[in-house]
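Analysis of the macromolecular model
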Amino acid sequence: MDAGTIRLLEFLNRQKSVFRIPVYQRKYEWTDEQVNQYFYDIEKIALNEEYEGHFLGTIVFVRSNFPNMGTDYNIIDGQQRITTTFLLLKAIYDSLDSTDYRRDEISELYFTNKHVESEYERKLISVDGDRKDYEELLIHNQSDNPSKIHMNYNRLMYLIQHSNADVIQLYNALTKIKIVYIELEQGKKDENPQTIFESLNSTGLSLTESDLIRNYLLMNEMPSEQETLYKHYWLRLEKLLTNAKISDFIRDYLTMKTGAISNKSRVYQNFKTYISQQSITSEQILKDLNRFADHYHVFLNPDSGDQRVRVYLDAIEQLKSTVTYPYLLRLFDKYYNSQEMSPEDFEKILQYTTSYLVRRLIINLPTNSLNKVFAGIGKELQKQEDYKSELESFTNYIMSRTGSALFPRNEKVKEAIRTSDMYNRSNKLAKLILSSIEYASHKEKVGAEHLTIEHIMPNTLTPAWRNELGSSALADHMLYKDTLGNLTLTNYNSELSNKSFYEKKQYYKDSNIKITRDVASFEHWNKQSMLKRSEEIFNKVIEIWPIPFDHFENKLDNINTDAYYPVYELLNVTGKKPKNFLIKDVDYSANTWKGIFISYLDWLANDDLERFLELPKQKKFQKILSYSSSALRRSESLHGIFVETNLDAQSIYNYLGMLAEHFDMEEDVLIQISS
């Protein structure tokens with residue numbers, strides 16, 4: 001293997017040389033976005049005479065010979081960049097004045113080989129699917145075919161014509177472009193081109209966002225400086241986070257810094273933009289990355305952090321709530337590095353963060369709004385730094401969220417614990433809640449991974465259990481079987497199975513798990529027992545996951561009758577009447593809650609009937625929409641489905657918000673309310 005750096009055009013202008021894209025490679029497929037970025041990098045060099053060069057990437061090839069002392073470069077990796085370079089050379093050639101000597105230079109150096117057999121006449125030998133299109137472009141100058149070859153040639157011609165640099169400046173800039181080349185030795189086992197190609201393109205080892213970022217930070221430095229930066233900073237990032245997590249970390253770092261969430265495939269581009277805007281050196285950004293990577297390491301490995309915060313990070317890890325990381329980076333930095341808050345405030349914020357997440361899961365709020373909540377919180381809090389503490393700013397921000405970002409209040413949590421199916425929820429919610437209650441009772445970490453969820457009233461009703469439950473056995477079993485009041489923790493689930501409550505109590509009273517021992521204190525197990533235990537669990541839940549002081553509760557009743565509110569706003573409309581209703585700025589007259597509800601459903605059906613007819617399949621709407629009237633208390637037929645009409649004002653208002661969110665219309669559905 002041989003490797004080094006070389007100017008791209010010096011690599012491509014070698015006489016009697018062909019650059020062959022192997023048959024197993026995919027066709028040329030760069031998008032407008034990639035071509036634009038490639039061109040703008042070259043344009044930047046053209047417009048700045050002091051700019052000495054730009055690193056384009058890595059070219060991997062196997063070299064062999066063809067007759068008459070020619071050289072065949074079999075391109076293993078880098079075909080997209082090489083093909084785009086040839087297309088740009090063609091676009092530059094066609095943009096030059098016909099008398100300019102550079103046209104002959106480009107044609108002789110980059111398009112054709114002299115004194116070779118015909119099959120080696122073209123310098124670029126594309127895969128079969130692209131070869132004909134490239135040939136037509138060179139010979140006939142045709143560029144109207146719908147192939148990527150022709151489309152990107154046209155794109156480059158357009159960019160040249162609209163560039164602030166002239167074509168000669170662009171050509172001169174292209175001569176400054178550098179690549180890293182890696183030459184593999186044909187026939188050597190550990191350098192098998194196919195194996196390396198599969199590795200590059202399936203695992204992405206040479207193409208990850210973090211590798212691009214590393215190269216971007218190191219490549220423009222002197223060799224000795226590159227080695228220093230790599231050993232002192234980048235290598236430490238890899239040890240702290242592993243290479244697989246660096247891209248995720250930098251994505252969250254950028255979100256913390258900018259308040260904007262990067263697409264996972266755009267982290268490198270957004271990172272470059274951020275560095276350019278900040279005008280900071282590679283060493284400065286690497287130092288900053290290392291500072292925050294210390295915290296990120298603790299997020300990924302909670303056991304490595306302080307015992308005080310471990311329980312909160314464990315919960316966040318179990319809930320897979322990585323969306324919190326951008327804000328946690330800010331929080332940990334302000335506490336551990338800047339030391340801008342007390343231990344009590346720091347721990348309080350962590351407690352409220354996990355409380356926010358757990359409560360939302362308990363009442364089954366959608367998680368898609370959390371990205372924006374935790375992405376924007378840092379920017380919002382920064383505005384208040386001069387006159388409010390971090391804790392005060394955080395609680396005001398989190399408690400003022402409405403709609404799908406709501407911090408659930410106690411009443412909603414209590415109702416969900418009493419009646420909702422917790423056993424079948426994602427994130428192993430029931431186990432998290434029960435194990436957290438157990439931990440709170442004696443502050444010893446519960447090895448929840450070895451425990452299972454036990455249904456006290458079993459999944460299958462035996463005669464003994466029907467007798468235990470009484471005359472409402474079937475209804476109570478259906479309603480309460482999977483609620484938290486009927487669930488506990490055990491490490492001998494299979495032994496208990498469908499045993500009677502009397503038999504189970506003998507196991508429970510000897511359990512080393514307190515919340516399970518407590519079940520043995522019940523004389524019978526029926527609806528009243530389950531509701532009583534639900535109440536006990538609720539009291540523990542709001543103690544472990546409390547709510548901050550609610551400055552906004554009374555504001556729910558202070559409705560401005562002249563204002564229009566998005567229906568996702570947290571409002572108390574009980575006892576109030578609708579005044580006006582707007583859907584996408586069109587006024588739909590209705591002065592009753594039922595009228596507004598039917599009007600919006602009718603609008604949704606007319607806008608997209610197919611999607612409307614799918615609504616009864618959504619669990620969150622099954623209490624109000626059905627394909628059968630018998631499933632509802634009082635209903636009306638609307639466009640092929642039945643709509644529940646026996647609803648109070650607050651319920652209708654809440655469902656309007658849920659429907660608006662489901663159809664991504666949160667800002668398009670507005671209501672004016674009279675007193």
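Preceding this paragraph is the structure being described.
The sections below set out a description of the structure shown in this document. Computed from a predicted structure; not experimentally measured.

Before going further, it helps to spend a moment on unusual backbone geometry. A positive phi angle, near 60°, is found at His-115, a position not held by glycine. Among the structural elements, His-115 can be located in the loop between α4 (101-111) and β5 (124-125). Residue His-115 is classed as exposed on the basis of its relative accessible area, which comes to 65%. Of note, the phi angle at Asp-585 is positive, near 70°, even though the residue is not glycine. Looking at the element boundaries, Asp-585 is found in the loop between β10 (577-583) and β11 (586-587). A relative accessible area of 72% places Asp-585 in the exposed class.

Our focus in this paragraph is the pattern of salt bridges. For the coordinates displayed, the defined rule picks out 23 salt bridges. For Asp-518, the salt bridge is made with Lys-514, and the minimal N-O distance between the two is 3.0 Å. Of this pair, Asp-518 and Lys-514 both sit in helix α25 (residues 514-519), four residues apart, which is roughly one turn of the helix. For Lys-514, a relative accessible area of 33% translates into the label partly exposed. In this structure, a network of salt bridges that share partners links the residues Lys-257, Asp-288, Arg-291 and Asp-333.

Moving on, we come to the packing of aromatic side chains. Counted by the stated rule, this structure contains 33 aromatic pairs. Residues Phe-66 and Tyr-120 carry aromatic rings whose centres are separated by 4.0 Å and whose planes lie at 10° to one another, so their mutual orientation is stacked. With Phe-66 in strand β3 (residues 54-66) and Tyr-120 in the loop between α4 and β5, the pair connects residues that are 54 residues apart, well separated along the chain. Across this residue pair, the class does not change: Phe-66 and Tyr-120 are buried. Relative to Tyr-336, the ring of Phe-332 lies with its centre 5.5 Å away and its plane at 45°, an arrangement referred to as tilted. With Phe-332 and Tyr-336 both in helix α15 (residues 325-337) and four residues apart, the pair spans about one turn of that helix. The exposure class of Phe-332 is buried, given its relative accessible area of 2%. By relative accessible area, which is 29% here, Tyr-336 ends up partly exposed. In this structure an aromatic cluster arises from ring pairing among Phe-249, Tyr-253, Tyr-274, Phe-292, Tyr-296, Phe-299, Tyr-325, Phe-332, Tyr-335, Tyr-336 and Phe-346. The ring of Tyr-93 is capped by Arg-103, whose NZ or CZ atom sits 4.1 Å from the centre of that ring. When the ring centre of Tyr-397 is taken as reference, the NZ or CZ atom of Arg-401 above it lies at 4.1 Å.

Turning to its location among the elements, Asp-476 is positioned in helix α22 (residues 473-480). By relative accessible area, Asp-476 is classed as buried at 5%. Each C-alpha atom, one on Asp-476 and one on Asp-77, is 64 Å from the other, the two residues being 399 residues apart in sequence. Once residues lying within four places of it in the same chain are set aside, the contact partners of Asp-476 are Met-457, Leu-469, Lys-481 and Lys-527.

Procedures and definitions
- Residues numbered from 1 in each chain as written.
- Predicted model: local features only at pLDDT ≥ 70, side-chain atom pairs only at ≥ 80, totals over all residues.
- Heavy atoms only, no water.
- Helix = DSSP H or I, 4+ residues; strand = E, 2+ residues; numbered from the N terminus.
- Buried < 20%, exposed > 50% of the residue type's maximum accessible area, 1.4 Å probe, protein only.
- Salt bridge = Lys/Arg side-chain N within 4 Å of Asp/Glu carboxyl O.
- Phe/Tyr/Trp six-rings, centres within 6.5 Å; stacked < 30°, edge-to-face > 60°.
- Lys NZ or Arg CZ within 6 Å of the ring centre and 35° of its normal.
- Contact = heavy atoms within 4.5 Å.

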